[in-house]
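# Breakdown of the fold
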Amino acid sequence: MNKTETIHQITFSPTGGTRRVSELLCKAMEAESNITELCTKQENLSYPQVSADDLVIISIPVYAGRVPALAVKRLKGIKANGAKCVIVAVYGNRAYEDALVEMQDVCTEMGFRVIAAVAAIAEHSICRMYGAGRPDTEDAKELASFSAAIIGKAKKVLPFEPLVLPGNRPYKQGCVGPYPVAGDLCTECGLCASECPTGAISPDNPKSNNHELCIGCMRCVKVCPAQTRGIGERLNMLVAHLKPLCSERKNNELFI
């Protein structure tokens, strides 16, 4: 990267895993790096100024094989200006299915030049025993090696051929929920309401959850100091369902 070029990290990271992947991927890149977090309240959104010479790393979690519609909506508020882009789909050790091709289509339509794609693993946002502790030390080394390859390609000025990525068009049908609720030990501290990116939790009644606004991102579960928010009995059912799909360690992938 030339000294005049900037790396923009654009993340949508409700529980922190996606942002951690982005940070590890960019750590080995010898350039200034700015982070924009899209998983925040609407009034707190602040978009970066991207120039054609910049490199943009867009990292979004995978929900049931797709990327969250809210993440896509907010991402589209950024002006691409023809910048080079790396798309990163972060999933909870199950599968990313159509997430990469969906991100590729969205970013290309926005005007980015998608030069690389990464599928990476982080802790499952609901069943945290799957992918527990990831990205870990081994992941960090692998993501650093990806960085070197990405920077090598980013330095090239030749036209970039469209990447051929795993996934289907049309994309698979998305799903909704599960929606977390407060347990009996809720102290009504209001932290979940202040951190919810969609305003689904009322500050006046933090035990409630507006399912029409909730996207099931689990941010409220992650930040709850009393550890009392969750999806109740559905958790055990989901853990059992995912066990044969998530127990074996999945590898990170680079497409370039």
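This write-up is about the structure you can find in this document. (Residues numbered from 1 in each chain as written. Predicted model: local features only at pLDDT ≥ 70, side-chain atom pairs only at ≥ 80, totals over all residues. Heavy atoms only, no water.)

Looking now at the pattern of salt bridges. Two side chains that carry opposite charge are able to pair once their charged atoms sit near each other. Applying the stated criterion to the full structure yields 12 salt bridges. A salt bridge links K172 to E97, with the nearest nitrogen and oxygen atoms 3.2 Å apart. Residue K172 is located in the loop between α4 (137–154) and β6 (181–182), and its partner E97 is located in the loop between β4 (84–91) and α3 (99–110); the two are separated by 75 residues in the primary sequence. Linked through salt bridges whose partners overlap, the residues forming this network are R134, D136, E138, D139 and R249. (Salt bridge = Lys/Arg side-chain N within 4 Å of Asp/Glu carboxyl O. Helix = DSSP H or I, 4+ residues; strand = E, 2+ residues; numbered from the N terminus.)

Taken together, six strands build an open sheet; the order of strands is β2-β1-β3-β4-β5-β8 and the sheet is mixed. Taken across any chain shown, the strands that pair with only one partner, and hence form the sheet edges, are β2 (33–37) and β8 (253–255). Across the sheet, the mean angle from the axis of one strand to that of its neighbour is 15°, orientation sign disregarded. As paired elements, β4 and strand β5 (residues 113–121) share eight bridges and run parallel to each other. Among the inter-strand pairings, V88 is bridged to a residue of β5, identified as V118. On the sheet, α4 packs against β3 (55–61), β4, β5 and β8 and is oriented at approximately 175° with respect to β5. (Pairing = 2+ DSSP bridges. Axes fitted to C-alpha atoms, helices over the stretch in contact; angles between N-to-C directions. Contact = heavy atoms within 4.5 Å.)

Below, the discussion takes up the layout of surface pockets. Put simply, the largest pocket is a space of about 1,000 Å³. Sorting elements by how many residues they give to the lining of the largest pocket places helix α7 (residues 234–246) first, with six residues. Looking at the lining of the largest pocket residue by residue, the classes come out as 27 nonpolar, 13 polar and five charged. (1 Å grid on protein atoms, 1.4 Å probe; cavity = no way out; pocket = protein on both sides within 12 Å on 5 of 7 lines; lining within 4 Å. Points joined across faces, edges and corners; volume = space filled by probe spheres on them. Nonpolar A, V, L, I, M, F, W, Y, C, P; charged D, E, K, R; others polar.)

On the secondary structure map, T11 appears in strand β1 (residues 7–11). Here T11 is in contact with R19, S22, I35, T36, E37, L38, C39 and S59, once residues within four sequence places are set aside.

All right, on to the nonpolar core then. General note: in soluble globular proteins, nonpolar side chains tend to be found buried as a group. Ranked by internal contacts, the top residues of the largest apolar core, which has 38 residues, are I58, L75, I87, L100, C107, F112 and L165. Of all elements in the fold, only β3, α2 (69–75), β4, α3 and β5 reach the threshold of two or more residues within this core. Broken down by element, the residue count for this core peaks at seven residues, all from α3. When residues no more than four places from it in sequence are discounted, the contact partners of I87 are I58, L100, M103, Q104, C107, V114, A116, A117, V118 and L165. (Core = buried A, V, L, I, M, F, W, Y, C linked by side-chain atoms within 4.5 Å. Buried < 20%, exposed > 50% of the residue type's maximum accessible area, 1.4 Å probe, protein only.)

Further remarks concern the pairing of β3. Where burial is concerned, most of β3 is hidden: seven out of the seven residues are buried. Every second residue of β3 is oriented toward a common face, with L55, I57, S59 and P61 on one face and V56, I58 and I60 on the other, all of them buried. The pairing of β1 with β3 spans five bridges and is parallel. Counterpart to H8 in the pairing with β3 is V56. Bridge count for β3 against β4 is seven bridges, and the pairing is parallel.

The full count for this structure, using the stated rule, is zero disulfides. For C224, which is in no disulfide, the shortest distance to another cysteine sulfur is to C189 and amounts to 6.3 Å. No disulfide involves C246; its sulfur sits 7.4 Å from that of C127, the nearest cysteine. For C246, a relative accessible area of 2% corresponds to the buried category. (Disulfide = S-S within 2.5 Å.)

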